[in-house]
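Analysis of the macromolecular model
Chain residues, written in single-letter form:
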Amino acid sequence: MSSLSQGWREAGNSLFSQLCSGNALSPTEKRELLNKAWTNYHRAYDSAETSDDKASAAKNVAVVSLKIVKLDVRADMKRYYCKQAMKFFGKAFEMGKAKSDSWLSNILQSMYKCLQSALDCIHVSAYTDKLQLLEECAMLITDQSLQADCFLEMTQIIFAEGIASLQKHNFKKCLQCMHDCHRPMEEASRLGQANVKKEAGVLKRDVYMHLCVAESMQARYTADELLSSILQDEECLNIAMIWDIIDWYKKAIILTRENDVEMEAIALSRLGRVYDKVLKQRWKAKECFKRCIQLVSSLSPRTFYSEEWYKDCTTTLERYQQEVMMRDEALKQEKYAKIKEELKDELGELEKYKEKDSEDLLIFVYKNFPPKNSKHRIKQADVKAARDGKKKFEEAIANSSNTLSSRQGR
């Protein structure tokens with residue numbers, strides 16, 4: 001004799017078979033058949049007296065719920081039936097332990113499909129709706145590995161939202177998202193199998209890296225605001241506050257080191273600007289700017305010519321270079337002035353030969369600055385007989401340079 005539960009299930013099966021018969025039905029007719037089948041299966045579950053009957057009825061309720069989700073219904077109804085499907089698949093798995101392994105395996109596969117449907121039925125932009133649905137599904141699921149998948153998916157959704165916020169320079173939202181990743185990430189690692197634990201470990205490192213980058217942006221923003229306030233609103237420079245600003249910039253540099261090269265370069269440029277324009281410590285500013293240029297070069301082929309922080313860096317270094325060149329030129333001119341003063345008499349004698357023949361100048365050079373090596377000396381007759389005057393001048397300069405150097409030494 002069939003039980004009451006079996007009777008309700010058979011009634012539900014009759015309705016469900018009409019849906020699967022291949023007859024052309026409108027969406028409204030399909031929905032009506034599914035609603036009636038869902039009601040019958042639910043009554044079969046409530047009236048079941050054995051675990052086996054409850055497991056079978058629960059599976060039927062879950063399957064119909066999943067079918068309803070695929071119909072064109074409102075988003076709130078999709079969420080409701082997704083949760084119903086997940087709930088009754090879980091009950092079927094719990095109460096059907098005595099059933100065959102293939103039956104139980106089919107239930108688990110259906111639960112995975114249900115989870116995917118739950119994600120697909122929510123619009124991509126509905127960030128909070130997805131999280132809420134996944135959280136509710138995780139609470140309804142009894143299988144730990146599937147729970148771990150839910151929590152891992154939650155972590156990935158939150159992490160993606162944080163990355164999108166960081167790309168928009170919204171570090172506050174990114175910080176919130178990175179902190180929100182911790183709970184579902186730890187749950188996924190605790191409940192999941194080896195592959196899920198491995199993926200959660202990778203996510204943990206990524207979350208930490210982007211948390212550092214977001215905290216660096218926050219530190220740099222704080223320093224920028226403080227510096228702007230001090231330079232514009234205060235009449236007297238607050239040195240103690242300047243050192244606080246430097247500490248904020250250094251924190252930004254440390255947090256981004258080996259995590260985000262561009263953010264580190266920006267923080268270095270800002271720190272260099274403080275040393276250059278406020279504290280006038282150019283040697284420290286130069287170190288910061290040079291390190292900034294090195295980091296930017298490592299990001300090639302990307303370019304930053306239009307960025308203000310990069311313009312500050314390059315123009316300041318060019319100014320430093322020009323100042324060094326001007327200082328070196330001044331020292332060089334000073335050195336030449338001393339040499340001219342020491343050779344004042346000799347240069348005066350040479351001035352007399354401006355209007356004379358080149359042979360007379362050569363004779364004067366060899367006479368007054370004779371080479372130390374006697375082999376290099378030349379007679380007046382040889383000078384007069386020389387055809388290549390230019391070559392003789394070159395020899396005279398080379399042979400007489402040692403003599404001039406020794407006179408300057410004395």
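Everything here concerns the structure above.
Read on for a plain summary of the structure.

What counts and how
- Residues numbered from 1 in each chain as written.
- Predicted model: local features only at pLDDT ≥ 70, side-chain atom pairs only at ≥ 80, totals over all residues.
- Heavy atoms only, no water.
- Helix = DSSP H or I, 4+ residues; strand = E, 2+ residues; numbered from the N terminus.
- Buried < 20%, exposed > 50% of the residue type's maximum accessible area, 1.4 Å probe, protein only.
- Lys, Arg positive; Asp, Glu negative; His and termini not counted.
- Salt bridge = Lys/Arg side-chain N within 4 Å of Asp/Glu carboxyl O.
- Contact = heavy atoms within 4.5 Å.
- Core = buried A, V, L, I, M, F, W, Y, C linked by side-chain atoms within 4.5 Å.
- Expected span 1.5 Å × (residues − 1).
- Polar contact = N/O pair within 3.5 Å; in protein donor to acceptor, adjacent residues only side chain to side chain.
- Phe/Tyr/Trp six-rings, centres within 6.5 Å; stacked < 30°, edge-to-face > 60°.
- Lys NZ or Arg CZ within 6 Å of the ring centre and 35° of its normal.

Observations regarding the side chain of Arg220
Relative to the assigned elements, Arg220 resides in helix H10 (residues 194–233). For Arg220, which is buried and forms no salt bridge, the nearest opposite charge comes from Asp224, at a distance of 4.4 Å. If near-sequence neighbours (up to four positions away) are discounted, Arg220 is found in contact with Tyr249, Ala252, Met263, Ile266, Ala267 and Arg270.

Concerning the nonpolar core
Counting 102 residues, the largest nonpolar core has Val64, Phe89, Ile242, Ile245, Val274 and Trp309 as its most contacted members. The leading source of residues in this core is H10, at twelve residues. Residue contacts for Ile242: discarding those within four places in its chain leaves Leu227, Ile230, Leu237, Val274, Val278 and Leu279.

Let's talk about the pattern of salt bridges
Per the counting criterion, the structure on display carries 15 salt bridges. With a closest N to O distance of 2.8 Å, Asp52 and Lys99 form a salt bridge. You can see Asp52 sitting in helix H3 (residues 51–69) and its partner Lys99 sitting in the loop between helix H4 (75–95) and helix H5 (101–120), a full 47 residues away along the chain. For Lys99, a relative accessible area of 18% gives the class buried. Glu308 is paired through a salt bridge with Lys311; the nearest N and O atoms lie 3.8 Å apart. Taken together, the positions of Glu308 and Lys311, both in helix H14 (residues 308–342) and three residues apart, correspond to about one turn of that helix. A cluster of three or more residues bridged by salt bridges with shared partners is formed by Asp276, Arg282, Arg319 and Glu323.

Quick notes on helix H12 (residues 261–278)
For H12, which comprises 18 residues, the first-to-last C-alpha distance of 26 Å matches the rise-based estimate of 26 Å (1.5 Å per residue) to within 8%. Regarding H12, its N-cap is Asp260, as a side-chain oxygen of that residue lies 3.2 Å from the backbone nitrogen of Glu262 further along. Looking at the residues trailing H12, positive phi occurs at Lys280, about 60°.

Notes on the packing of aromatic side chains
A complete count under the given rule lists seven aromatic pairs for this structure. Pairing Tyr45 with Phe88 gives two aromatic rings, centres 5.3 Å apart and planes at 90°, and the pair type is edge-to-face. Note that Tyr45 is positioned in helix H2 (residues 27–47) and Phe88 in helix H4, a separation of 43 residues in sequence. Tyr45 gets classed as buried once you look at its relative accessible area, which sits at 10%. Measuring from centroid to centroid gives 5.1 Å for Tyr80 and Tyr81, while their planes differ by 80°, and the two rings are edge-to-face. Since its relative accessible area comes to 36%, Tyr80 is described here as partly exposed. A relative accessible area of 8% places Tyr81 in the buried class. Its end group placed over the ring of Tyr45, Lys54 keeps NZ or CZ at 4.4 Å from the ring centre. A cation over a ring is seen here: Lys99 above Trp103, with NZ or CZ 5.1 Å from the ring centre.

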